[in-house]
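# Working through the structure, step by step
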Amino acid sequence: MDEMCLNIGEAAGYVYRLLESGESNMANLKNHLKENGFDSQPVAFMAIGWLAREDKICMAKNGNSWSLKLK
């Protein structure tokens, strides 16, 4: 369990750093995470949830996709 929490935290940090360069959509974030060793889709969603819970990101639905940016 601790290893999973560490992995989610690392993924959340990676997502945060990606969003520092600007807005992104979910598909793009998941692809970047996968390319950098975070190959589990649930880990991507949990990382985004972590940042949302900490009130670090804004999310908006655009048609069939979601866009994310830092607050």
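The sheet contact formed by strand β1 (residues 24-25) and strand β3 (residues 65-70) spans two bridges and is antiparallel. For Ser24, the partnering residue across the bridge sits in β3 and is Leu68. Bridge count for strand β2 (residues 57-62) against β3 is six bridges, and the pairing is antiparallel. Among the inter-strand pairings, Met59 is bridged to a residue of β3, identified as Leu68. Counting the residues that bridge the hairpin from β2 to β3 gives two residues, and of these Gly63 lies at a positive phi of roughly 70 degrees.

Examined against the element boundaries, Phe38 turns out to sit in the loop between α2 (26-35) and α3 (41-53). With 21 residues separating them in the primary sequence, Phe38 and Met59 have C-alpha atoms 21 Å apart. Other than its neighbours up to four places away in sequence, Phe38 contacts Asn7, Glu10, Ala11, Tyr14 and Leu33.

Here we take up the sheet that holds β1. The sheet built from three strands is open, its strands ordered β1-β3-β2 with antiparallel pairing. Where the open sheet ends on each side, the last strands, each with one partner, are β1 and β2. Lying over the sheet, helix α1 (residues 2-20) contacts β1, β2 and β3, oriented at roughly 85 degrees with respect to β3. Packing of α3 onto the sheet brings it into contact with β2 and β3, and relative to β2 it is tilted by some 120 degrees.

Attention shifts here to the nonpolar core. Leu29, Leu33 and Leu68 are the most contacted members of the largest nonpolar core, which totals 17 residues. Listed by contribution, the elements that provide at least two residues to this core are α1, α2 and α3. Ranked by residue count, the leading element in this core is α1, at six residues. Dropping the residues within four chain positions of it, Leu29 is found in contact with Val15, Leu18, Leu19, Ser24, Ile48 and Leu68.

The rules behind these values
Residues numbered from 1 in each chain as written. Predicted model: local features only at pLDDT ≥ 70, side-chain atom pairs only at ≥ 80, totals over all residues. Heavy atoms only, no water. Pairing = 2+ DSSP bridges. Helix = DSSP H or I, 4+ residues; strand = E, 2+ residues; numbered from the N terminus. Contact = heavy atoms within 4.5 Å. Axes fitted to C-alpha atoms, helices over the stretch in contact; angles between N-to-C directions. Core = buried A, V, L, I, M, F, W, Y, C linked by side-chain atoms within 4.5 Å. Buried < 20%, exposed > 50% of the residue type's maximum accessible area, 1.4 Å probe, protein only.

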